[in-house]
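Report on the structure
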Amino acid sequence: MSRHTGLQAHFTPLEAVPRPAPGRHVLATVAFGEDSGLSLTPQGHPELAIPMSSPGFDSFREVWTTSAEPATGTRGDLAFAHDGEYLFVSGTIDPLPVYGPKVREVYEAAFALVEELGYPRIFRMWNFVGDIIGSNAEGMEIYQDFVAGRAEAFASYGDGTGHMPAATGIGTRGEGISFTLLACREGSPRHVENQRQTPAYHYPEQYGPKPPSFARATLLHPAGAGQADGALFVSGTASILGHETVHRGDVARQTEVVLENIAELIGGPNLAAAGLDGGHELKDLRLVKVYVRHEADLPVVRALCQDALGPDAETVYLNVAVCRDDLLVEIEGLVPGAEWSR
Ligand code: 3EB
């Protein structure tokens, strides 16, 4: 029996109160603007605000909707909403001298909530890390401090292996760390690696004491639907081949490698290597977020993305730091599932 409730997302202007279409309900929203913080809105859903907008770049609200009325709440540092099949959880961590132990605590609390509410399958996470390549009070890079705490939390999630979802790890224009996750009850997430890239959870130690906990993509095969009907969530992707940054200092070539990495990731041969049917092209991507380190690089990055992604991709551009100081651009997106058009 099909119990999936048709998760969908779209971007709207920040000024507008999100009004779902008839029969749709807002599960949660993420505001990419000037504010920061996590709250339940007057409309009742969780909203995470992340300071990520800047002149010349985009500001917008990402609106997640489902076809069943969600229940919402807060728990400690977390806010959540769930509709019987899908769960959204968000958390925030205020600026700290050292983040690792608190990251572990808050992510473990989120994983415990996922179990308690009965949505044990996490299929997508976003990690927003202020001052991502700055140093903490002990001289460790804040991204590595974050990665270590997250790895400890993931060690106790599921069986500790192979359950890491697609994710984005990216800088913000503020301080502190925040995250969102999406999980489901009966759907089957299938995590996908990229044949051109070392799995992030196998990165060698030169990048930090613990490797990052994420898959390159996750296919969400909804309960009761065919595998080919699932949405494919593409992680934040950078100019990395194997585990190494390529084309240091050359934003055009880095952007090309990112787009090639995503094309390979979502294409038929790579999906077949993961035991999955189907295959997609760059022009199938939607809700694409392009994170550009240097403001001045925007025209070059935009021109290459517009050409590769086409006019339907709903692409937005944000000016934030990426997690290695030699990475100039990171791109994420998704290939909608059949639920999207219902
Ligand atoms: C990379 O491939 C680039 O730590 O959650 C991309 C996606 C990146 C997610 C994360 C980091 C993360 O390593 C950075």
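Before reading further, recall that the structure is shown in the block above.
Owing to the predicted nature of the structure, the values given are computational and were not obtained by experimental measurement. (Residues numbered from 1 in each chain as written. Predicted model: local features only at pLDDT ≥ 70, side-chain atom pairs only at ≥ 80, totals over all residues. Heavy atoms only, no water.)

So, on to the pattern of salt bridges. This structure, assessed with the given rule, holds 11 salt bridges. A salt bridge links K102 to E105, with the shortest nitrogen-to-oxygen separation between them at 3.3 Å. On the criterion of helical spacing, the pair formed by K102 and E105 is a turn pair, its members being 3 residues apart in helix 1 (residues 100–117). With a relative accessible area of 25%, K102 lands in the partly exposed category. Given a relative accessible area of 44%, E105 falls into the partly exposed group. In this structure, the salt-bridge partner of K289 is E332, at a minimum N-O distance of 3.1 Å. (Salt bridge = Lys/Arg side-chain N within 4 Å of Asp/Glu carboxyl O. Helix = DSSP H or I, 4+ residues; strand = E, 2+ residues; numbered from the N terminus. Buried < 20%, exposed > 50% of the residue type's maximum accessible area, 1.4 Å probe, protein only.)

The next point concerns helix 1. With 18 residues, helix 1 ought to run about 26 Å at 1.5 Å a step, and its terminal C-alpha atoms sit 26 Å apart, in line with that. Buried within helix 1 we find G100, V103, V106, Y107, A110, F111, L113, V114 and L117. Buried residues of helix 1, seen end-on, are gathered within an arc of 155° and therefore sit on one face of the element. Those residues of helix 1 that are exposed and aimed more than 90 degrees away from the buried face are P101 and E116. In this structure, the buried side of helix 1 is in contact with strand 6 (71–75), strand 7 (78–82), strand 8 (86–93), strand 9 (121–129), helix 2 (142–155) and strand 11 (177–184). Directly after helix 1, the chain includes G118, whose backbone phi takes a positive value near 85°. (Expected span 1.5 Å × (residues − 1). Arc of directions from axis to C-beta. Contact = heavy atoms within 4.5 Å.)

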